[in-house]
Amino acid sequence: MKKIFTEESKLIFRRIAPFIIVLILIPLISYLIWYIFPTKTLEILVIDKTVPSDNYQEHQSIYWTFEHMKIQNSAGEFYQKERDYIGFYPDNSPSFGTFKDFSQLSKNELIEKSLNIDILYFADTYGVFENDFSQTKSDEISKKVYGGLNRGDINLLREVMALKKTVIAEFNTMASPTPVGIRTEFENLMGIKWTGWIARYFDEMDTTINADIPKWFISQFVEQHENTWVPSGPGIVFVHENGTVEAFSNGLDYFGETPKIRTQRINQHGFKLPEIVPYPEWFDIVLIERDYQVISYYDIDPSEQGKEKLRAMGLPRFFPAAVLKDVGEGQYYYFSGDFSDIQNSIGSPRFQGLPALWRGFHVVSDFTDRESFYWNYYYPLLSQILEKTYQEKKVD
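This write-up is about the structure you can find in this document. This is a predicted model, so every value here is computed, not measured.

Turning our eyes to something else, we now look at the sheet that holds strand 11 (residues 235-240). Strand order in this open sheet of four strands is 12-11-10-15, and the pairing throughout is antiparallel. At either margin of the open sheet sits one strand with a lone partner, and together these are strand 12 (245-249) and strand 15 (283-288). Neighbour to neighbour, the strand axes of the sheet diverge by 25 degrees on average, direction disregarded. Note: strand 11 against strand 12, five bridges, orientation antiparallel. Within strand 12, the position partnered with Phe-238 by the bridge is Glu-246. Helix-sheet contacts for helix 6 (residues 215-224) involve strand 11 and strand 12, and the interaxial angle to strand 12 is about 90 degrees.

Following this line, the structure appears as structure tokens:
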């Protein structure tokens, strides 16, 4: 009888078997493990007003986390990034899109809404501007289409807080274009005060090389610093809401190239996060009330000259990056950075173990890799917050 498997076919199979295991068997097992895990029910309301396109840059990573953790709404459905948020919905109309918020809801309607919320998440309230829809990109500020916190947001926040639900807010929630009066109410409710300063790292301050430095920053800096500019090389720019600008040069005003997010290995609430994560994006500098605990903080490692500059700017040596206020049944969190922002798709969330796998591929120290920050810092932080909220809800 002729052999079914020849020595040649066995050799070919041995060669392709590892590829079959890697490309088919392991993903299949990973998916099946994810599939059999039980779902978790949490009512989460995400507010994102900065949605100029359908890539959902400011909240897609949040929804990836929801689905990977198998978090569903009370109707037993996974959250959809395209529809399950409050904010701006872009389209091709002359008005660029439509929006949905709480500005027209009565107090009773807001109370009813808040009763069904487990987590209120302010992902991004900056909004959309006409330049966002222009073929010609410009860093100059154009006319606002929609954005900023409004009275409805504050009223809902107040009702949610009265019920001691969990609130999460990110960078720029209370800054421009939010009116000052609304911002003050947000600050008083959250127990957080914005200093008026925001900051960002640039890998090269030579304006002939780096076109990413905003032209308005260059002109304001030169005007305010006797027609001088900073040395070439890496730097950190600071911008105040009153128009004051400052710049720190690496090796002169600070060390270590990028701002670092530092987290103590042993912290009060047990968050498991990397001790040091570089962060090159925009962040705001806030002051917090004493009943907040600092999960992580920014360290720019200033020189003595840099410390003098910080003092002149009215800023402390360290800046809060992620903070937590425990209110018993829930918590208030504030992230002083655009943490959830990620431009590119990060694939299907329906495979168990993906975050650990991607952490192996995305080195935590590579600040040029935006996904590295997501896998190494933001996903672990948000997933632990969501799990904590879910477990507390189960106890209740």
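Bringing the side chain of Gln-72 into the picture now. With respect to the helices, strands and loops of the structure, Gln-72 is situated in strand 3 (residues 71-72). Apart from residues no more than four positions distant in its own chain, Gln-72 is found in contact with Thr-39, Lys-40, Thr-41, Leu-42, Glu-77, Phe-78 and Tyr-79.

Considering all chains together, one arrives at 22 salt bridges under this definition. A salt bridge links Arg-265 to Glu-275, with the nearest nitrogen and oxygen atoms 2.6 Å apart. Separated by ten residues along the polypeptide, Arg-265 in the loop between strand 13 (260-262) and strand 14 (276-278) and Glu-275 in the loop between strand 13 and strand 14 bring together distant segments of the chain. Since its relative accessible area comes to 63%, Arg-265 is described here as exposed.

Rules used in this analysis
Residues numbered from 1 in each chain as written. Predicted model: local features only at pLDDT ≥ 70, side-chain atom pairs only at ≥ 80, totals over all residues. Heavy atoms only, no water. Pairing = 2+ DSSP bridges. Helix = DSSP H or I, 4+ residues; strand = E, 2+ residues; numbered from the N terminus. Axes fitted to C-alpha atoms, helices over the stretch in contact; angles between N-to-C directions. Contact = heavy atoms within 4.5 Å. Salt bridge = Lys/Arg side-chain N within 4 Å of Asp/Glu carboxyl O. Buried < 20%, exposed > 50% of the residue type's maximum accessible area, 1.4 Å probe, protein only.

The analysis is restricted to geometry; functional conclusions fall outside its scope.
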